[in-house]
Structures are given as structure tokens and as C-alpha cells.
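Descriptive analysis of the structure
Below are the chains, spelled out letter by letter.
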Amino acid sequence: MSQVRVRFAPSPTGFFHIGSARTALFNWLYARHTGGTFILRIEDTDKERNSEEFLNVIYGSLNWLGMNWDEGPKIGGAFGPYRQSERGHIYAEYLEKLKAAGRTYEKDGAIWFKLLGDRHEVFDEHRKKTVTKVKVAASVIDDQIRGRVERVEDEDFVIVRSDGNPVFHFVNVVDDIAMQITHVIRGADHLPNTSKHVELFKAFGVPMPTFAHIPLILKENGPGKMSKRDQGALIEEYQKRGFLPEALMNFLCLLGWNPGDDREKMPIVDVIRLFDLPGVNQSDARFDAKKLAHMNMTYLLELPAEGFVARAKEFFQKQPTGAAALADENYFREVMLLAQPKIKGFEELPAYTGYFFTEDFSIDAKVREKVMGKGEPKVRLAELIELIKTADLSSDAGIEEALKTLAASKGLGFGDYQSVARLAVSGTNVGPSITGMFRVLGRERVLARLGRLVAG
RNA sequence: GUCCCCAUCGUCUAGCCCGGUUAGGACACCACCCUUUCACGGUGGGCACCGGGGUUCGAAUCCCCGUGGGGACGCCA
């Protein structure tokens, strides 16, 4: 049995797209599942649109998501180079084979691939021009996901541009042959191209790889496939927003594939064990930001405390308010642990914990109006101040006990103190437990804030 | 317009291949419970087999036709 060799072949012409990430993922999963080789090949034949910046985005995103390649740029391999811009000599060699076989001709300075069959001219209404059709048998694609697909490729096509640069269809097939690719796993948008590729494989007289065209990811709202301009389309964005890569990966796995039972959250090693091409769905999947957010939350919730703090620190280091938040490492840690069970993603952290790190936090006007307009808030605050002055703030349980005792002594409930205390120390009515906030903020900050609200 | 692909709750999907299920799960939504806020969690609820024809005792499941959605029709990839 031959070793599986798959490739992910992005072109560095734009930011790394979520659809590309999933194509990479399915290739990577298949390689890992079969013990095969995952190859990264850069398709940079379009000199106009390539950029080094985008190349680094590809490397960075794959690394962030944890998809390591076995052969490719930076690490090399037996079939290199892995950037098409460096493989000119190989394409020249293969072009000679096609020329020798009489399968090419020149027209308008470009080199065309010649199909075999009777020719006739036809006016194409859609393209508003006369084209030469060739009578050929349908190309048969035996697809691991779609089954047998037939398509008639009935027009010659350019394989080398007039500027001498080879075209995608040609280099893609040549490299798949030269790199001994066994399985071509790519987006379904390539299905109509595949007949061209089939004809090229046949012209080279080599066996065809196995094809697997995976469904596309559709826009969350509106028609069409996810495009680079859509909200949530770029991998870099998730990285910036502090999503956990393992959560994104898990979510991506489930877009078009499932383990066959009701499991959704599952470690990648389980996905690797269960993943197979025939298990991939045929229909396109719509992107769902809320489901991703939920997945991220479930991963966040089960992160060990130190892991959560470490990742939160990484996240804050990239935020404008990061320096202030990280000034006291131990304090930062305590605040983060208060927030961990409450948030869906790191991106909520700056707003959710901001008041811990500055005395200059904003007070929600509506909440203030509501809380201060009811009962005797200033009396409650004064009582709280007296309590906090001497209370033991070292444990949540102790603080809770003290608060309850105070409330009971005045014939009131915990809630009568909570809302006003919350407003004073955080400026809002949502957040971690009030006892946790008191404990972490400490006597000095709490007293100052309670006092300010009384005065204000 | 031509060609190709697809079609189960609003969304991701199980079931389809090998016809017989109260059509299952998850996200979202609603209600209730838990609760010192907000979340988490728990319980319950509403929500789907695109339409029409076949085949069959019986169709989400097999076939055909519609319709709808998606993709491709570049000297882009």
C-alpha cells in the first residue's frame, strides 16, 4: 500500500481565509489519520498578486492552529523546492514532455494545451466571443466525497502565459505528479477545474490521484460563499481576538464532518483517529459565529487555572490597557481567575475586568440611577464602609458571612447590599461574585470606591 | 446563458448506502429551576424531512421532474 501524500496549496494573494484553513485542516487530518505526509506547497505563480506578507500570514496561521507540515517551505523535503516560483525548471521539463507528445500549440504568445478531437467554432453568448469547441469524451472524476462526477472539458486552455509564467492548472498538476501526491483534497469550487486536470494527467500518461472535493463554507448572512471581506472570515482575526486555536479547530472539524455520534467537543487526537474522507458531507455549511463562541467558551471553562492565566496574559500583552493590567502579576492572576468562569472569550476580558486595574472606571448611568434611586443606598454604603474597615477579607466565605450578618442585623437581605456595593466597586451591575470582588480588590480599593460613591 | 455540485429544525448535523424511528443531538430562541448580579449548569418547550410524480404493503431513505441554494465558466488561484 502506497503512503498517503497530501498537500495544502495556498496562494499568498490575500489574508488566510477560514475556508482555506478548513481545506488545510482536512488535508492535515487525513495525513495524520493515515500516517501519511502533509505537504505545504506555495502556489505563487501569480507574480502580480503575491506578497511576502501574506506568505507569513499563512505560516503564522498554520502554526497557531497547530497544523504542522512534514514537507514544505522552511523545513524542506525530498520533493522541493516547495514554492512554485522556484520550480520553473521543473515546469519547463514537463512542458517539453507535452510538446514532444504534440499536445501544445502557441497562440497570442501563450502556450495552450490541445485537447484531442474534432473541432468547430461556436459563438458563446455569455462570453460574447467565438470559441473553438473540441468534441471529446467526458472526463471522469472519481471523487471520494461526491462519487463519480463527469464533466466535458471541450475547450483548449492556456498553460503558459505570454509572459512566460505557467498557469495554475498546469503547475498544479505537474507538482502533484512531481511530488507524488496521492490524494487531492480541496474545496468544491475546484470541482469544475478538475476536468482540466484530468486531461493533463492523461496527457502525461500518469495515474490520477484520488480526488476529494470538500463542501464550501457559506456566509453567515446573505448569499454566497464566505469571502475575505466577511466578518469572521480571517484566521488572523480570531488570533487577535483571543480565540483558543483548539476551539476554532474543533469548530472547523464539525463544519462538514462529524464523528458519527453526538459528540461535538472532542480532542483533536480523537478527530484524527475517526476522520476519513467518505465521512465528509457533500452539502455546503453555513458559518455560525455563535456556535464557535460557545465552543470557545467550553474550552475556556476547562482550561486549568494556570493555563487560563498564561493565555490571558498573552492576550493582554497585545492590548492597549495590557501594561496596566499586568503591572502586578499576582493581582492579575486573581482577577483572571474571577473572570474565567464568566466569559465566552478573551476579547471580553478588557471590558469585563477593566475596573480592577484603574480607579478611573466609568459608572453605568442607568445602573446608577436604578440602584441609587431605591431604598437608602447611602446608608447601606456607610454601613458597608464600617464593615469593610475591620472585616477579614481573606476568604469569600468569610466575606459572605460578614455581609449576611450585617444584613440580618438591619433586617435586610444580602441583595440590599450587593447591588450598591457592586455599583460602587465596578460601576456596573454584572460581574464576578461581590465577595470575590471584595477579596481580590482588597480593603484599600474597596473602601476608596465605596467612599467615592457616598460622596458622589 | 452553459456545465457541475448540493437539498432534514433559523444554523451545524444524526438517520439515507442496506425503505418500517414518538425523525436524535448541538448552537440559537422561549419558559422554569439554581442563584447575592451576570454567566455556567439543570429541566421543559416551540422548531425540520423543499414541491410534485413514481416504485412499494410501507419512502426522510430508491428513481424521475420541478424548484431552491451553491460553484465554475480568466493569459486568477
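In this text the structure is predicted, and so the values were computed from the model without any measurement. (Residues numbered from 1 in each chain as written. Chains lettered and ligands numbered in written order. Predicted model: local features only at pLDDT ≥ 70, side-chain atom pairs only at ≥ 80, totals over all residues. Heavy atoms only, no water.)

Structural notes on the overall build of chain A
Assigned secondary structure in chain A consists of 18 helices and 13 strands. Whereas a compact globule of 456 residues would reach a radius of gyration of roughly 23 Å, chain A reaches 31 Å, over 25% beyond that. Viewed in the frame of its principal axes, chain A has a C-alpha envelope of about 100 × 50 × 40 Å. Across the 456 residues in chain A, those meeting the buried criterion constitute 50%. Put simply, 71% of the contacts in chain A that link residues at least 6 apart link residues at least 24 apart. Accessible surface computed for chain A: about 21,400 Å², of which carbon and sulfur atoms make up 51%. For chain A, the separation between the mean place of its 61 positive charges and that of its 62 negative charges on side chains is 2 Å. (Helix = DSSP H or I, 4+ residues; strand = E, 2+ residues; numbered from the N terminus. Rg over C-alpha atoms; globule rule 2.2 N^0.38 Å. Buried < 20%, exposed > 50% of the residue type's maximum accessible area, 1.4 Å probe, protein only. Contact = heavy atoms within 4.5 Å. Areas by Shrake-Rupley, 256 points an atom, 1.4 Å probe, with all protein chains shown as cover. Lys, Arg positive; Asp, Glu negative; His and termini not counted. Charge placed at Lys NZ, Arg CZ, Asp CG, Glu CD.)

Section: the environment of arginine 146
Looking at the secondary structure, you find arginine 146 in the loop between β7 (139-143) and β8 (147-151). For arginine 146, a relative accessible area of 24% puts it in the partly exposed group. Contacts of arginine 146, omitting those with residues within four sequence positions, involve Ala188, Leu191, His213, Ile214, Pro215 and Gln282. Separated by 3.2 Å, the side chain of arginine 146 and the backbone oxygen of glutamine 282 make a polar contact. (Polar contact = N/O pair within 3.5 Å; in protein donor to acceptor, adjacent residues only side chain to side chain.)

So, the layout of surface pockets
As a volume, the largest pocket reaches approximately 1,000 Å³. In terms of lining, the largest pocket is formed by 40 residues, of which the most central are Ala9, Ser11, Ser20, Asp189 and His190. Going through the elements one at a time, β1 (5-8), α1 (18-34), α4 (168-178) and β10 (183-187) are the ones with two or more residues in the lining of the largest pocket. Looking at the lining of the largest pocket residue by residue, the class counts come to 15 nonpolar, 15 polar and 10 charged. (1 Å grid on protein atoms, 1.4 Å probe; cavity = no way out; pocket = protein on both sides within 12 Å on 5 of 7 lines; lining within 4 Å. Points joined across faces, edges and corners; volume = space filled by probe spheres on them. Nonpolar A, V, L, I, M, F, W, Y, C, P; charged D, E, K, R; others polar.)

Brief notes about the pairing of β10
Counting buried positions along β10 gives five out of five residues, so the element sits mostly inside the fold. Remark: the β10/helix α5 (residues 191-204)/strand β11 (residues 210-214) crossover connection has right-handed handedness. (Right-handed = clockwise from strand over helix to strand, strands pointing away.)

A word on the side chain of threonine 104
Note that threonine 104 resides in strand β3 (residues 104-107). Taking relative accessible area as the criterion, threonine 104 reaches 16% and is therefore assigned buried. Apart from the residues lying within four places of it in its own chain, the contact partners of threonine 104 are Leu95, Leu98, Lys99, Ile111, Trp112, Lys114 and Ile159.

Regarding the domain arrangement of chain A
By convention, interface size is frequently given as the accessible area that disappears when the constituent parts associate. On domain assignment, one finds that chain A holds domain 1 (1-71 + 215-302), domain 2 (87-214), domain 3 (304-352) and domain 4 (365-455). One C-alpha centre belongs to domain 1, the other to domain 4; they are set 47 Å apart. (Domains from an automatic or database assignment.)

Let's talk about the protein's contact with RNA strand B
Of all residues adjacent to RNA strand B, which total 60 residues, the nearest are Asp46, Arg146, Arg161, Lys342 and Gln418. In the interface set of RNA strand B, defined as its atoms within 4 Å of the protein, sugar plus phosphate atoms amount to 66%. Contact distances for RNA strand B include 3.0 Å between a base nitrogen and a side-chain N or O atom of asparagine 193. In the model, a phosphate oxygen of RNA strand B is placed 2.8 Å from a nitrogen or oxygen of the asparagine 258 side chain. Taken together, the elements giving at least two residues each to the surface near RNA strand B come down to β8, α4, α5, β13 (285-286), α9 (289-301) and α17 (414-426). Residue composition of the surface near RNA strand B, by class: 20 nonpolar, 18 polar and 22 charged. (Near = heavy atom within 4 Å.)

Structural notes on the confidence of the model for chain A
On average, residues of chain A score 93 in pLDDT, and 100% of them reach the 70 mark or higher. Put simply, strand β5 (residues 119-124) is where chain A has its lowest mean pLDDT, 87, and strand β2 (residues 37-40) is where it has its highest, 98. Reported confidences for the modelled complex are a pTM of 0.93 and an ipTM of 0.94. (pLDDT = per-residue confidence, 0-100.)

Some points on the pattern of salt bridges
One pass over the structure, following the stated rule, counts 40 salt bridges. The closest approach of N and O atoms between arginine 263 and aspartate 261, which form a salt bridge, is 3.5 Å. Exposure remark for arginine 263: the relative accessible area of 34% places this residue in the partly exposed category. Salt-bridge contacts for lysine 404 lead to glutamate 400; the nearest nitrogen and oxygen are separated by 2.8 Å. Of this pair, lysine 404 and glutamate 400 are both found in helix α16 (residues 396-409), four residues apart, which corresponds to roughly one turn of the helix. Its relative accessible area of 31% is what places glutamate 400 among the partly exposed residues. Because the salt bridges share partners, they merge into one network encompassing Arg7, Arg41, Glu43, Arg87, Asp175 and Asp176. (Salt bridge = Lys/Arg side-chain N within 4 Å of Asp/Glu carboxyl O.)

A short note on the packing of aromatic side chains
The final tally for this structure, using the stated rule, is 21 aromatic pairs. Taking 5.8 Å as the distance between ring centres and 85° as the angle between the ring planes, the aromatic pair formed by tyrosine 331 and phenylalanine 357 counts as edge-to-face. Pair noted here: tyrosine 331 is in helix α12 (residues 329-339) and phenylalanine 357 is in the loop between α13 (349-353) and α14 (365-372), with a separation of 26 residues, a long-range link. In textbook terms, an aromatic cluster arises when at least three aromatic residues are bridged by ring pairs, as seen for Phe308, Phe315, Phe316, Tyr331, Phe332, Phe346 and Phe357. Directly above the aromatic system of tryptophan 112 lies the positively charged group of lysine 107, at a separation of 4.4 Å from the ring centroid. For lysine 196, the ring lying beneath its charged end belongs to phenylalanine 157, and the centroid distance is 5.7 Å. (Phe/Tyr/Trp six-rings, centres within 6.5 Å; stacked < 30°, edge-to-face > 60°. Lys NZ or Arg CZ within 6 Å of the ring centre and 35° of its normal.)

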